[in-house]
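Commentary on secondary and tertiary structure
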Amino acid sequence: MEEQGILGVKPRKQSAARIRGRRWLKRREIWLVALGIALHAVYMLSIFDIYFKSPIVHGMDPVSPRFTPPAKRLVLLVADGLRADKFFEPDSDGNYRAPFLRSVIKGQGRWGVSHARPPTESRPGHVAIIAGFYEDPSAVTKGWKANPVEFDSVFNKSRHTFSYGSPDIVPIFCGALPHSTWNTYPHEFEDFATDASFLDEWSFDQFKNIVNNSKKDPNIKQLFQQDQVVIFLHLLGCDSNGHAHRPYSSIYLNNVKVVDRIAEGVYNLLEDYFQDNQTAYIFTADHGMSDKGSHGDGHWSNTDTPLVVWGAGVKHPRPSSNNHQDHGERFVDEHDMHDTPTPTNWGLDNIERVDVNQADIAPLMSTLLGLPCPVNSVGSLPLDYMDLNKGNEVEAVIANTKQILSQFLRKSQLKQESSFRFKPFEPLADYTSILDEIESLISNKDYEHAMKLSQNLRSLALKGLHYFQTYDWFMLMTVITLGYVGWMVCLILHVLQAYTSLPGKILKKEEAVFTRDLPSKVYLCGSLIMALVFVVLYLEHSPPLYHAYFAMTVFLWTNIFSEYRFLRAFCKYLQAKESFHVMELSATCLVSIIILEFLVRSFTERIIYTWCFLIFGVISPLYLLKSIPSKLGISIFLCVACWFLSIFTLMPAEIPDNTILVSISGIIIIVIGGVSRYLNLHTKDNKFWLYIITRDSKPNFPLLFHLQALLVGLASVLVYLSTSHRTENRELLVLHQVMNWSIAGLSMVLPLFSATDLLSRLTSIFLGFAPPFLLLSIGYEAVFYGALGLALFAWILFENALLYKSNKSNKSLSSFEPDNGNILLEEGDRCLKLSDMRIPTVFMVFFNIAFFGTGNFASIASFEISSVYRFITIFSPFLMAALLIFKLFIPFMLVICAFSAITKLVRVPRLGCYFLVILCSDVMTIHFFFLVKNTGSWMEIGNSISHFGIVSAQVVFVLLLFALTNIYTKDIQTRSTKQVSQKTM
């Protein structure tokens, strides 16, 4: 049985020394690939230890304010999805939509804008309002569906909570709360096809019923008569109507009037019931709503929500002052500064406006009721809403400060217990003396200075919380970055030693290959460092993954330093070279890194590919024209192919249905295949084509091209027929389904029977994958397939032109022999040169545009599920996902087949180029590692994780695709330069 290489390359007959060298190289490369897979898998998990650790800690004692609370009960009304501007502004007739709450603003209470922090979703918004902290980033491990860590809330601290509303919100806070009375409507009520304001009416009716029942039931009445009671009504109507009808629709705007009437109804109901003026009321929203009817990101329409507070313990309105003090800081949504001017059309610019961060509402509610702030809260008490005397104001702020400080101290304690060398937060090293000074000032009734000290201490405590939340960031990010850099250095060293002529130039050949320089001192030092690190991590009770991060990094750098003889010889070699060569090396590295950085940018801006191919479409033809003036036609083709491909990244990622275009694309693909077939048959005497066309290569099946063209045509017809029938009759004919599956399956097998010369085999592969791609297409992506094929053919012609130019410039026969100064290479392969770096770099561009040409790289969800309806219409998530993923794989298969063909054409080692591809990919991986986000919308956070994960997985992904495409490309034959020269002579 013939031995296969790691990518399926068959070794030829070799000398004994070469065989030993190849065996050593094969073992080393298997080890290197396995190490790369393990390293990327482990380092991919590091983002969850760095960016997505929960900020929630337990074990703190609650801090109650030391004064009599102004309110016995508090009503919290949350209008889900209500934008601030739609609430405050007048309608087209000049009438305001919330007359009751406007009368409150003008006569009874205070108002402002509550600033939410992304992700502006319902669960994190309500958690911020009721518990006082923002999105727990560790919720990424639960798919953002739940809080993975238990937390404290205002409801927990209350004596009793009454709550009515959505089944998605109310149970989060009351589901496990024993001192609560709550109810929710069924999920079926949330119907986007109706006016959802009835959901708000349902919540109010439930509450009104229990109030009325309390007059008959002494047990319910006793619950209401207690102090520290919270009443929470979740009003979902605005959110549902905003999604279904947009926030500028009459249904949404009418819902604003509905919630205003409910606020008035609740107020009148409770004031008539208690008649003690000891009820506080808060009306707000969890998030806003964009004009498109969505929310989640940090746009002001999503982050700005109304806030109206009135009742017991709340200040009355005050006229606005023009002498605003500039606080010089932004709110958590990073849009508005403090004291932002009020829009004139709101009609409230003469009344003082007090904006808050959304998490500030939790300590406001707690203080009004005399409750301890939720122990996990990071909100700052907004004093401008509280009607307290100077002494009580200070007591309220110091209670808020101590609660945040207790979180800081708990985090400090936990970190100190698990740190071998603990670094405290220096600004709070002497916090006890600050507390003592505050208490002394309060005793002396110097409330002004006590307030300043309390607020400064609170600010420092919040900074201290952030300090300990990111305590390990620098250490972990340094270790991971050093690990990635070490891995890339290992790849570079391996490529230099195994695939270039350097070992033969800078060291004796036998020593370079078979004498592994394993200085015991380097490995002993590495072992000692690793053991020391493990001991320190063990003493610090670090997670097991911390050990893995350090172990990988230390191991890689130990291997690098074990090659110090080669490194020293390489440095001397560079020093001996002329400065021109060093500049050439530096320029190659710089250009490659710039291109890779553009690829990183392209993950969020697809238009970069348009500019990329527009520029390539000018530079490469001009270079060819200068080098080979006689090949004007090829230069024009390069320009047209690049410019044609550049169009697709200007098109929307959401592909519109266009069955006619898909069918026409089939004709385009047949024409491209026909032109390639014509070139194959009619370039017999053209020296330019001798590298990629072999005359003695015959197909196993004479009419193969005609059969493949027929299958592409049938696929185009079936695209139209099956789609039309399914649209009209809402079903997929069994005959159409069987034909689609049969054509897709047969077409992918036929390329194996094609002729083995480069042009014939690649044309057959292009035609072979066209039918399944067409059958899985719904619009312009079918044209993209043809455009990508043309651009890949242009790449092959460009490389062929470089070979042709080299052939013309070297006249002696000896110059055509492979420059093989490395005995580890396959016979016929030449050593890699610096200029060969263009091949993996261009591959990376094509590899990425294979995704970006028709969709969003970050998520398979951006690709239309209707693509699979010509194969299956019955819901089968796994089969549908498999078909969708296969569709995404097809452009990759084309790119890698072209890449493999080019390595055969220019006779460079394919595995060496694979390692260079991984090197390029890891340059991007390091950048994406620093771009991971744990704030912002869920889409932004998810995309940042996806981007990092995708480029990290390329070490496996590309290798698997190489193995799959090797089935098609392993038999490709190209003429060597020597053979072309002999044939020409």
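This is a predicted model, so every value here is computed, not measured. (Residues numbered from 1 in each chain as written. Predicted model: local features only at pLDDT ≥ 70, side-chain atom pairs only at ≥ 80, totals over all residues. Heavy atoms only, no water.)

On to the overall build of the protein chain. In terms of helices and strands, the protein chain carries 35 helices and 8 strands. A total of 985 residues make up the protein chain; the buried ones form 56% of that total. In the protein chain, the proportion of contacts linking residues at least 24 apart, taken out of those at least 6 apart, comes to 79%. Counting every atom, the protein chain has about 42,000 Å² of accessible surface; 60% of that belongs to carbon and sulfur. (Helix = DSSP H or I, 4+ residues; strand = E, 2+ residues; numbered from the N terminus. Buried < 20%, exposed > 50% of the residue type's maximum accessible area, 1.4 Å probe, protein only. Contact = heavy atoms within 4.5 Å. Areas by Shrake-Rupley, 256 points an atom, 1.4 Å probe, with all protein chains shown as cover.)

Strand pairing in a sheet relies on backbone hydrogen bonds, with the paired strands running either antiparallel or parallel. Read across the open sheet, the 8 strands follow the order β4-β3-β5-β1-β6-β7-β2-β8; overall the sheet is mixed. Lying at the two open borders of the sheet, with one neighbouring strand each, are β4 (180–184) and β8 (356–357). In terms of strand pairing, strand β6 (residues 279–284) meets strand β7 (residues 304–311) through 5 bridges, oriented antiparallel. Looking at the pairing, Thr-284 lines up with Leu-307 of β7. Packing against the sheet, helix α4 (residues 122–131) makes contact with β1 (73–79), β5 (229–235) and β6, and its axis sits at approximately 160° to β1. (Pairing = 2+ DSSP bridges. Axes fitted to C-alpha atoms, helices over the stretch in contact; angles between N-to-C directions.)

What follows covers the pairing of strand β2 (residues 110–115). The side chains of a regular strand alternate between both faces of the sheet. Most of β2 is tucked away: 6 of the 6 residues are buried. Two elements, β2 and β7, share 6 bridges in a ladder whose sense is antiparallel. Paired with Ser-114 across the two strands is Thr-305, which belongs to β7. As defined by bridge partners, β2 adjoins β8 across 2 bridges and the pair is classed as parallel.

The contact between helix α9 (residues 237–245) and helix α10 (residues 250–274) brings their axes to 9 Å, and the two run at 175°. Classed by the angle they form, the pair α9 and α10 counts as roughly antiparallel. Between α9 and α10, the contacting residues are Gly-237, Cys-238, Asn-241, Gly-242 and His-245 on the first element and Ile-251, Tyr-252, Asn-255, Val-256 and Val-259 on the second. Among the residues forming the contact of α9 with α10, the class breakdown is 5 nonpolar, 5 polar and no charged. (Parallel < 35°, antiparallel > 145°, perpendicular 65-115°, else oblique. Nonpolar A, V, L, I, M, F, W, Y, C, P; charged D, E, K, R; others polar.)

To describe a pair of aromatic rings, you give the distance between the ring centres and the angle between the ring planes. Per the stated rule, a full pass over the model turns up 65 aromatic pairs. Ring geometry for Tyr-51 against Phe-52: centres 6.4 Å apart, planes inclined by 55°, an arrangement best described as tilted. Under the relative-accessibility criterion, Tyr-51 is labelled buried at 6%. Their ring planes at 65° and their centres at 5.1 Å tell us that Phe-88 and Trp-111 sit as a pair that is edge-to-face. Of this pair, Phe-88 sits in helix α2 (residues 84–88) while Trp-111 sits in strand β2, and the two are 23 residues apart along the sequence. Considered together, Phe-88 and Trp-111 belong to a single accessibility category, that of buried residues. Connected via pairs of aromatic rings, a cluster forms that spans Phe-843, Phe-847, Phe-851, Phe-889, Phe-892, Phe-899, Tyr-914, Phe-915, Phe-957 and Phe-962. Over the aromatic face of Phe-274 sits the side chain of Arg-73, whose NZ or CZ is 3.6 Å from the ring centroid. One cation-aromatic arrangement involves Arg-102 over Tyr-96; the distance from NZ or CZ to the ring centre is 3.4 Å. (Phe/Tyr/Trp six-rings, centres within 6.5 Å; stacked < 30°, edge-to-face > 60°. Lys NZ or Arg CZ within 6 Å of the ring centre and 35° of its normal.)

Leu-645, Phe-843, Phe-846 and Tyr-914 are the most contacted members of the largest nonpolar core, which totals 165 residues. Of the residues forming this core, the biggest block, 19 residues, is contributed by helix α29 (residues 781–809). The contact partners of Leu-645, leaving out residues within four places of it in the chain, are Phe-613, Phe-784, Ala-787, Leu-788, Ala-791, Phe-846 and Ile-849. Formed by 62 residues, the second largest nonpolar core is a distinct cluster that contains Ile-56, Val-154, Leu-388 and Val-397. (Core = buried A, V, L, I, M, F, W, Y, C linked by side-chain atoms within 4.5 Å.)

Looking at the element boundaries, Arg-102 is found in helix α3 (residues 99–107). Considered as a pair, Arg-102 and Leu-348 are 246 residues apart in the sequence and their alpha carbons are 9.0 Å apart. Ignoring any residue separated from it by four or fewer positions in sequence, one finds Arg-102 in contact with Phe-88, Tyr-96, Trp-346, Gly-347 and Leu-348. Separated by 3.2 Å, the side chain of Arg-102 and the backbone oxygen of Phe-88 make a polar contact. Here the side chain of Arg-102 touches Trp-346 through a polar contact of 3.0 Å, landing on its backbone oxygen. (Polar contact = N/O pair within 3.5 Å; in protein donor to acceptor, adjacent residues only side chain to side chain.)

The grouping of Ile-607, Trp-611, Ile-615, Val-618, Ile-619, Leu-622, Trp-643 and Leu-650 at the surface amounts to a nonpolar patch, some 810 Å² of accessible area in total. It is helix α23 (residues 607–627) that contributes the most residues to the nonpolar patch, 6 residues altogether. With relative accessibility at 54%, the residue Trp-611 sits in the exposed group. (Patch = residues over 30% accessible without salt bridge, like charges linked within 9 Å, V, L, I, M, F, W, Y side chains within 5 Å. Salt bridge = Lys/Arg side-chain N within 4 Å of Asp/Glu carboxyl O.)

With that settled, the discussion passes to the state of the cysteines. The final tally for this structure, using the stated rule, is 0 disulfides. Among the cysteines around Cys-642, which has no disulfide bond, Cys-639 carries the closest sulfur, lying 7.5 Å off. (Disulfide = S-S within 2.5 Å.)

What follows concerns the pattern of salt bridges. One pass over the structure, following the stated rule, counts 21 salt bridges. The salt bridge involving Glu-352 is made with Arg-318; its shortest N-O contact spans 3.0 Å. Of the two residues, Glu-352 is situated in the loop between β7 and β8 and Arg-318 in the loop between β7 and β8; the sequence distance between them amounts to 34 residues.

Moving on to the side chain of Asn-357. Note on placement: Asn-357 falls in strand β8. Residue Asn-357 is classed as buried on the basis of its relative accessible area of 16%. Ignoring anything within four residues of it in the chain, the contact list for Asn-357 reads Ser-114, His-115, Tyr-134, Phe-331 and Val-332.

The next point concerns the environment of Leu-539. Inspection of the secondary structure assignment puts Leu-539 in helix α19 (residues 520–539). Taking the relative accessible area as the measure of exposure, Leu-539 reaches 43% and is therefore partly exposed. Between the C-alpha atoms of Leu-539 and Glu-417, which are 122 residues apart in sequence, the distance is 9.6 Å.

Moving on: the environment of Phe-962. With respect to the helices and strands, Phe-962 occurs in helix α34 (residues 954–969). A relative accessible area of 0% places Phe-962 in the buried class. A sequence separation of 66 residues divides Phe-962 from Ile-896, and the C-alpha atoms of the two residues are 6.7 Å apart.

Let us look at unusual backbone geometry. Of the consecutive residues Pro-118 and Pro-119, the connecting peptide bond is found in the cis state with omega at 5°. Mapped onto the elements, Pro-119 comes out in the loop between β2 and α4. Unusually for a residue other than glycine, His-541 sits at a positive phi of about 55°. Topologically, His-541 is positioned in the loop between α19 and α20 (544–561). For His-541, a relative accessible area of 61% corresponds to the exposed category.

As a further point, take the confidence of the model for the protein chain. A residue-level look at the protein chain finds 88% of positions with pLDDT of 70 or above and a mean pLDDT of 86. Taken as a whole, residues 323–328 scores under 50 in pLDDT and shows 6 contacts with residues more than four places along the chain or in a different chain. The low-confidence segment residues 811–819, where pLDDT is below 50, has 17 contacts with residues more than four positions distant or belonging to other chains. (pLDDT = per-residue confidence, 0-100.)

The first and last C-alpha atoms of helix α31 (residues 877–905) sit 42 Å apart over 29 residues, in line with the 42 Å expected at 1.5 Å per residue. The axis of α31 is deflected most strongly, by about 25°, at Phe-889, and proline Pro-891 appears within four residues downstream. With its phi angle positive at about 60°, Arg-907 sits one or two positions after the end of α31. (Expected span 1.5 Å × (residues − 1). Bend = angle between axes of the 7 residues up to and from the residue.)

This part covers α9. Among all positions of α9, only Gly-237, Cys-238, Asp-239, Ser-240, Asn-241 and Gly-242 are buried. Phi turns positive, to about 80°, at Arg-246, one or two residues after α9.

So, about the packing of helix α28 (residues 758–775) against α31. Contact geometry of α28 with α31 gives a least axis separation of 10 Å together with a crossing angle of 175°. In this view, α28 runs roughly antiparallel relative to α31, as classed from their interaxial angle. Of the residues in α31, those in contact with Leu-758, Leu-762, Ile-765, Phe-766, Phe-769, Pro-772 and Phe-773 of α28 are Phe-886, Lys-887, Ile-890, Pro-891, Met-893, Leu-894, Cys-897, Ala-898, Ala-901 and Leu-905.

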